[in-house]
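Understanding the architecture of this molecule
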4 protein chains.
Amino acid sequence: MKRDKTTVGRQMIQWAKLHMPVLSQIMSHFSRTKPLRGLQIGAALHVEAKTAVLMKTLIEGGAKVAITGCNPLSTKDEVATALAGEGAQVFAKRGESKQEYYKNLNRVLATKPDILIDDGGDLIVLAHKKPKLITQILGASEETTTGVIRLKAMERDRVLRIPVIAVNDSPGKRYFDNRFGTAESTLQALMSITNTQISGKKVVVIGFGFVGRGIASRARGLGARVVVVESDPVKALEATFEGFEVLPMRNAARVGDIFITATGSYHVIRKEHFRIMKDKAILCNAGHFNVEIDIGGLAQISKKRRKIMEDVEEFTLRNGRRLYLLTEGRLVNLAGRRSLGHPIEIMDLSFSLQALSVEYLAKYGSQMEPGVYNVPPEIDRKVVTLKLKAMGVELEPLTPEQQEYQRSWEMGT
Amino acid sequence: MKRDKTTVGRQMIQWAKLHMPVLSQIMSHFSRTKPLRGLQIGAALHVEAKTAVLMKTLIEGGAKVAITGCNPLSTKDEVATALAGEGAQVFAKRGESKQEYYKNLNRVLATKPDILIDDGGDLIVLAHKKPKLITQILGASEETTTGVIRLKAMERDRVLRIPVIAVNDSPGKRYFDNRFGTAESTLQALMSITNTQISGKKVVVIGFGFVGRGIASRARGLGARVVVVESDPVKALEATFEGFEVLPMRNAARVGDIFITATGSYHVIRKEHFRIMKDKAILCNAGHFNVEIDIGGLAQISKKRRKIMEDVEEFTLRNGRRLYLLTEGRLVNLAGRRSLGHPIEIMDLSFSLQALSVEYLAKYGSQMEPGVYNVPPEIDRKVVTLKLKAMGVELEPLTPEQQEYQRSWEMGT
Amino acid sequence: MKRDKTTVGRQMIQWAKLHMPVLSQIMSHFSRTKPLRGLQIGAALHVEAKTAVLMKTLIEGGAKVAITGCNPLSTKDEVATALAGEGAQVFAKRGESKQEYYKNLNRVLATKPDILIDDGGDLIVLAHKKPKLITQILGASEETTTGVIRLKAMERDRVLRIPVIAVNDSPGKRYFDNRFGTAESTLQALMSITNTQISGKKVVVIGFGFVGRGIASRARGLGARVVVVESDPVKALEATFEGFEVLPMRNAARVGDIFITATGSYHVIRKEHFRIMKDKAILCNAGHFNVEIDIGGLAQISKKRRKIMEDVEEFTLRNGRRLYLLTEGRLVNLAGRRSLGHPIEIMDLSFSLQALSVEYLAKYGSQMEPGVYNVPPEIDRKVVTLKLKAMGVELEPLTPEQQEYQRSWEMGT
Amino acid sequence: MKRDKTTVGRQMIQWAKLHMPVLSQIMSHFSRTKPLRGLQIGAALHVEAKTAVLMKTLIEGGAKVAITGCNPLSTKDEVATALAGEGAQVFAKRGESKQEYYKNLNRVLATKPDILIDDGGDLIVLAHKKPKLITQILGASEETTTGVIRLKAMERDRVLRIPVIAVNDSPGKRYFDNRFGTAESTLQALMSITNTQISGKKVVVIGFGFVGRGIASRARGLGARVVVVESDPVKALEATFEGFEVLPMRNAARVGDIFITATGSYHVIRKEHFRIMKDKAILCNAGHFNVEIDIGGLAQISKKRRKIMEDVEEFTLRNGRRLYLLTEGRLVNLAGRRSLGHPIEIMDLSFSLQALSVEYLAKYGSQMEPGVYNVPPEIDRKVVTLKLKAMGVELEPLTPEQQEYQRSWEMGT
């Protein structure tokens, strides 16, 4: 049984690697140049197949690696098992309690990592609570919007002690992973967990940032009637001009069949909304933390709560209506048993940026002041360009005249 | 373990029933009126959760039911187990050999069914090989385009001996199940089996009938660049005007990343096409039978063939390129372990039509001549109207003046 | 000035011909074979550039041609002038009164036509009021859904005296002209008359037949939020599953910014709807006759009515709200000064079908019983196939095995 | 005749004002507060109906206004005439020579403007050649990407002498006007000039900035198969993941039916591309200047060049193929006789930003250093918020908890 699990996990990792041509090239390069020789790397990431390819890349680069999950539900146990067999220290399993979760973060930090790779900021925040450790860390990289917001808040409050590369903010990550990756994986998960029909449904997307607009666009592409909820006027107007209905939650709550949160904010669906929802509405979250839906509040106003199916909980309100919460309000595209996370090919971009950012920190981290840094533009450009090449997409070269024209201001009508 | 399976299957069936409001109403009605009392019904259908709700409806209506699969890979074992516990005779498991498959069809026929429900025509064709049995059958209903084409060929060749209601051809089925249902389920399966990205991919859809155009439209909705292959000029021109690239296979083969067959035809992807495909192309089928992709031919020209992951086989051609075949070329939306079949809500339509067609055959079958019949329009209209009501969609009523206007020809400019 | 008009008209006709490759081929063929030699043809069609190419084709085929408009507003005067210079008798100008309109229909009939080409049925109906004339007519062809419905009512009432080919009902016409042609031309006209923004607007499309679904789809493609109003349950459910909001008029009336009627029915927008519309709502019609919007009713409940711009009338209701009616409720895609009618390329299909249907009537009309006929399938297939060739779109040929497979029923799982 | 023109122009301006609720509010406010009293404003803008509403707003605000065109072909003469009747000095007519164009710019500068409003940068550049004048100018605002690029080049080269507000760069302008406005108006113009079909056509969009991606998206929404040509890797990958075919020009040139340039660059379509284009390809430009298509080069390799219709020129190459250039390569959405420019409602945003930016310059311009400035964010937010209110779109308010949450970093998993 154990063996089978390992086999399945290995197959998944190999399949993933096959579809990550850019990261594979970096792996080959790392295996020759060993840029991470002697370094200990600590990671808190979703422990699944694509992540395993990143870990293997770092190991090929000469690093020792310890990894834990960045979410109690997102670990794929087969992958965890297989990855452990490939030389990484893996402290993760699906369905951790909060205690186990933090225990595992601490285990990673106990390896005295030189560099951190984080997804959501928990590892970096925790490292800051270990005064001795934090001074020895060269730097870190952060994968998500949520994490970067936390880190910038730390920077603003002057408590950030290490340089952190905000991989999330790089065009090569945010324009693709956040917009296209989350959209596909959220819909894959939603369909796979519930077998519900998307076409004809009223899907309420809360938040119209990169993640939200991706989900809104793809849900519409599958035939849903999409309603957008947004607090920011520019984004709300964009959504309107892209043909979405924009409503405040108190109106959206009445009409939605499926609700997907993607705000990075807190309690965006609350008691006053649950009470007016339709019978059988489905609730799920695509943001990093499980605080976007007020689950505690939902439980309070429910007369009955029960798990009715893998990854589906039923809440029966006092008005008799039933609401269905997926994957405990954790990010639905990773936390469900049938959720696969982002498409492999999109993670080829994000994790290539991670690998090269780690290499950058290995080289320059010791000279960098504490602070939140952008991915160096040449890394971003390199990864995107390699990706295009791998996909066979060709750019139009600029002529010398065009380059000159863009510099000049004299030539007019 | 057995018990767990039953529990899981039951949960899936209950969840399905919850989202089949029209069939649930019919079930309630049947349970009061018992229109099928004393009848034995034999079914060959995909044995999964939605089908189980149909079986329960028939049982509520007073019938005895025996069911087998209509495809060797599409049975969900948990559902089969749970359904057996609800009083149906179930002869089906996932992964049958061809022999087992036919043995199970025979077992269903051995129950001396009065009415058949078929999906693909295998059960009806087999019943025609049993001269004594066939004369005692009141009638049958058929779910698929493929089955109806076979039955019409039988009618044309004057070998059809019973009345068959072509549920597939009803607007309430074909315009929805074939177009919207297959599209979503095919994409759900494709994403769930492979974790591949759809956006940015070149997806070749072969066949632009109801199934094909649904898939093409939804794949585009997810960001794919879709190429359509079609033999019929009207359909090819429709595809073009809907913004799809239309190419013959010999050109499409060179450019596709993912190939999906939906023709109901034979060997639409062949050796000459495999040879010119790109490395890592993915092949799958959404048509009823596993003959659309010439798998034998593919094996012949491959130097290596191996299963590399659940539901994924790798063929390495002599030119070194690797092609990936999903679910043995069987209908990808049902045959994969992670494939869930059509969305529940869409099957509410199709199976409500089935239930009422069976009731119709119970009443009138004995007076009907052999032949292929349309679903009676009042049944079709009733089911669609109930569905709209359940979804809260309101029609615009015609005024008396409008009704009069549509009958007249005098009023002009 | 006259001369300029002729020049402009000629340029428009030449430009149209350039983009009608199929009709151009038929014209060449006709000019060699003269299949219409000696025949007088009477037409009531929108007198604009594409129509002129059809008329020239008939003239090249040896016919004498008399033409009038089929709508008081749709004649392009430059084209009428230019066409008169090419040998056709033209009785049409933009902005005819109803009297002039019928006078012109009578003028066409006064030429004693052997064959009629009609758009909407007015010419054919009028010919039936001339007992002597009607017996001498070989047959007619009809272009529109509206006309075909009238003719079928005549057939049902046993008053139809001649064979009529329902060009409208041919797949080569209805699937393209009605769906793609009307959609583009309606949006072109709407944008050109009003300079209004489509994206972000709530566009209410009344009727989800071929015309309505085309408009709904393209309006959404331009960023509108589209609401569909429909009486037929199957169409309403299709619209829902394609992601449109389906509402009855009394609800749609409250939310729409732009209303487009496409029903072929009568008074689908009425007083009770006008009264609850938003200030500045725009009303227009894409159906054949100007009866879909109850303009008389609108005038009755308005305290003020005035033309405020070319093709735009303002109605001020007693509640102070202003509604804007385009092109007097006549088909907006043809009746506006800036409306250009269907895209040229789509009329290449429809008018090629017309030309070959006229040729067919010339040959076989005298042997055909009165009744409504389909376009002979070989004509339909020929035109669509030539169109594909002209566009460079290649079909996938069927292999002999595939042809055999489609005939057989034995081969199953 | 003159009178008629005035009437038509006035109607167009009134119609435009009716659909510019935000600018209308600003106009009312200005008419009470007179923030521009005593100021002379010089503008170079497309002289059409929406622009006239802006000019009237400035006049209501107490300013004296002189305006000329910013493109030799984009002036609507009726509007120019009507606007002159409303108290503005208007130096513009459609179809100016280059000399007349610059003469008119000089006339505007001869009024000794205190503030400039520019579109493309010609007026501001010219003002810098008048050493005495430039020192007396409070500031300027610039409407376009092209103009801002020129101004930033001037800033970089240290020759910019006045503060300029880059209205173009404001989210309230660029995310809407550039993306949604140009797309609709370009398609309106293309359809209105040529009556060509968009659906089924291969449309090549060159440049995937805000303008290009808008056009690509809407052309696809109308059924076109869209090819994108791009030099920037991130944009090229975005286009790919949004489902567009991305090709270099040398490949795109072979397959396109319609080419639309939107790069702001120089000679993006050149001789080597014309030579391999298909017969009857249509060429047009949506960028500010008429240098994106190398018209001189096209003429050189043509054996024949003639105007064949309003706004359409035919070039016959030596290989016999004919290419059709629209509106002399000038911005097709404004320069054609039937081109109406952006939808009115979108210009409500852009021109409200302009009006408030001018007010800002009137107040603070004298204290601002030379340089390119962003629109003050409070102006941007105000305009977008008023627009949402006018459209009836409601935002979701942030709760105090949410505001607190976004500031904190402690709360994690």
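Let us look at the structure shown here. (Residues numbered from 1 in each chain as written. Chains lettered and ligands numbered in written order. Predicted model: local features only at pLDDT ≥ 70, side-chain atom pairs only at ≥ 80, totals over all residues. Heavy atoms only, no water.)

On to the overall build of chain A. Per the secondary structure count, chain A includes 18 helices and 15 strands. The C-alpha atoms of chain A give a radius of gyration of 22 Å, which matches the 22 Å a tight globule of 413 residues would have. The principal-axis extent of the C-alpha atoms belonging to chain A is close to 70 × 65 × 45 Å. Classification of the 413 residues of chain A by burial places 67% in the buried group. With the model as given, the accessible surface of chain A reaches about 14100 Å², and the carbon-plus-sulfur share is 48%. Across chain A, the 60 positively charged side chains and the 45 negatively charged ones have centroids separated by 7 Å. (Helix = DSSP H or I, 4+ residues; strand = E, 2+ residues; numbered from the N terminus. Rg over C-alpha atoms; globule rule 2.2 N^0.38 Å. Buried < 20%, exposed > 50% of the residue type's maximum accessible area, 1.4 Å probe, protein only. Areas by Shrake-Rupley, 256 points an atom, 1.4 Å probe, with all protein chains shown as cover. Lys, Arg positive; Asp, Glu negative; His and termini not counted. Charge placed at Lys NZ, Arg CZ, Asp CG, Glu CD.)

Superposition of chain C onto chain A requires a rotation of 180 degrees combined with a translation of 0.0 Å along the rotation axis, giving an RMSD of 0.0 Å. Accordingly, the operation relating the two chain copies is best matched by a two-fold axis. Among all residues of chain C, the one whose C-alpha sits closest to the rotation axis is R225 of chain C, at a distance of 4.7 Å. A shared binding surface is used by both copies, with 100% of the interface residues of chain C retained as interface residues in chain A. (Least-squares fit on C-alpha atoms with pLDDT ≥ 70 in both. Contact = heavy atoms within 4.5 Å.)

This part covers the sheet that holds strand β9 (residues 245-246) of chain C. All names here are of chain C. Taking strand neighbours across the sheet as the criterion, the eight strands line up as β9-β8-β7-β10-β11-β14-β13-β12 in an open arrangement whose pairing is mixed. Both outer strands of the open sheet, β9 and β12 (302-309), are each paired with one neighbouring strand and no more. Where strand β13 (residues 312-317) and strand β14 (residues 322-326) come together, five bridges link them in antiparallel fashion. Pairing of T316 across the sheet is with R322, part of β14. (Pairing = 2+ DSSP bridges.)

Overlaying chain C on chain B yields an RMSD of 0.0 Å, the required transformation being a rotation through 180 degrees with an accompanying axial translation of 0.0 Å. When the interface residues of chain C are mapped onto chain B, 100% of them again lie at the interface, so the same face is used by both copies.

With that settled, the discussion passes to the interface of chain C and chain B. The partner chain B presents 75 residues to the 75 residues of chain C that form the contact. Around 6200 Å² of area is buried between chain C and chain B when both sides are counted, 61% of it from carbon and sulfur atoms. Counting the surface chain C buries against chain B, the share from its top three residues, E396, W409 and T413 of chain C, is 15%. At the boundary of chain C and chain B, one finds eight salt bridges. (Buried area = accessible area lost by both parts, 1.4 Å probe. Salt bridge = Lys/Arg side-chain N within 4 Å of Asp/Glu carboxyl O.)

What follows concerns the interface of chain C and chain A. The interface of chain C with chain A comprises 13 residues on the first partner and 13 residues on the second. Approximately 970 Å² of surface area, both sides summed, lies buried where chain C meets chain A, with 48% of it carried by carbon and sulfur atoms. The largest per-residue losses of area from chain C upon contact with chain A belong to R225, F241 and E245 of chain C, which jointly make up 43% of the total buried on that side. Seen at the junction of chain C and chain A, the total is four salt bridges. As a salt-bridge pair, E245 of chain C and R225 of chain A come within 3.3 Å of each other at their nearest N and O atoms. Here chain C is connected to chain A by six residue pairs in polar contact (both at pLDDT 80 or more). Here the side of chain C that touches chain A is composed, by residue class, of three nonpolar, six polar and four charged. (Polar contact = N/O pair within 3.5 Å; in protein donor to acceptor, adjacent residues only side chain to side chain. Nonpolar A, V, L, I, M, F, W, Y, C, P; charged D, E, K, R; others polar.)

All names here are of chain A. Every second residue of strand β6 (residues 163-166) is oriented toward a common face, with P163 and I165 on one face and V164 and A166 on the other, all of them buried. Judged from the three bridges that link them, strand β5 (residues 139-142) and β6 form a sheet pairing that is parallel. Bridged to A140 within β6 is V164. Handedness of the crossover joining β5 and β6 through helix α8 (residues 145-156) is recorded here as right-handed. Both β6 and strand β15 (residues 371-373) contribute to a ladder of three bridges, which runs parallel. Bridge pairing links I165 to Y373 in β15. (Right-handed = clockwise from strand over helix to strand, strands pointing away.)

As a further point, take the sheet that holds strand β3 (residues 89-91) of chain D. All names here are of chain D. Taken in spatial order, the seven strands make up an open sheet running β3-β2-β1-β4-β5-β6-β15, and their pairing is parallel. Every other strand in the sheet has two partners, leaving β3 and β15 (371-373) as the edge strands with one partner each. The average undirected angle you get between the axes of adjacent strands in this sheet is 20 degrees. Contacts between helix α8 (residues 145-156) and the sheet are confined to β5 (139-142), β6 (163-166) and β15, with β15 contributing the most and set at about 140 degrees to the helix. (Axes fitted to C-alpha atoms, helices over the stretch in contact; angles between N-to-C directions.)

Along the polypeptide, D348 of chain C turns up in helix α16 (residues 344-364). Discounting residues that sit within four places of it in the chain, D348 of chain C has contacts with H19, M20, P21, V22, L23 and K387 of chain C.

Counting along an α-helix, one turn takes 3.6 residues, and residues three or four places apart therefore face a common direction. The terminal C-alpha atoms of helix α17 (residues 377-391) of chain D, which comprises 15 residues, lie 21 Å apart, in line with the 21 Å expected from a rise of 1.5 Å per residue. The complete set of buried residues in α17 of chain D reads I379, D380, V383, V384, K387 and L388 of chain D. Here the buried residues of α17 of chain D occupy an arc of 165 degrees about the axis, which is enough to place them on one side. Exposed positions of α17 of chain D whose direction lies more than 90 degrees from the buried face are E378 and K389 of chain D. In this structure, the buried residues of α17 of chain D make contact with α11 (233-241) of chain A together with α2 (21-33), α9 (171-194) and α16 (344-364) of chain D. (Expected span 1.5 Å × (residues − 1). Arc of directions from axis to C-beta.)

All right, on to empty space enclosed by the protein then. One pass over the full model with this rule turns up eight cavities of 30 Å³ or more. In this structure, the largest cavity spans a volume of roughly 150 Å³. Elements with a contribution of two residues or more to the lining of the largest cavity: α1 (2-18) and α3 (49-60) of chain A together with α9 (171-194) of chain B. When its volume is computed, the second largest cavity comes out at roughly 100 Å³. Lining the second largest cavity are Y405, Q406, S408 and M411 of chain A together with T146, I149, R150, G264 and F289 of chain D. Looking at the lining of the second largest cavity, the elements with two or more residues in it are α18 (400-407) of chain A together with α8 of chain D. In terms of residue count, α8 of chain D provides more of the lining of the second largest cavity than any other element does, three residues in total. The residue inventory of the lining of the second largest cavity, partitioned by class, reads four nonpolar, four polar and one charged. (1 Å grid on protein atoms, 1.4 Å probe; cavity = no way out; pocket = protein on both sides within 12 Å on 5 of 7 lines; lining within 4 Å. Points joined across faces, edges and corners; volume = space filled by probe spheres on them.)

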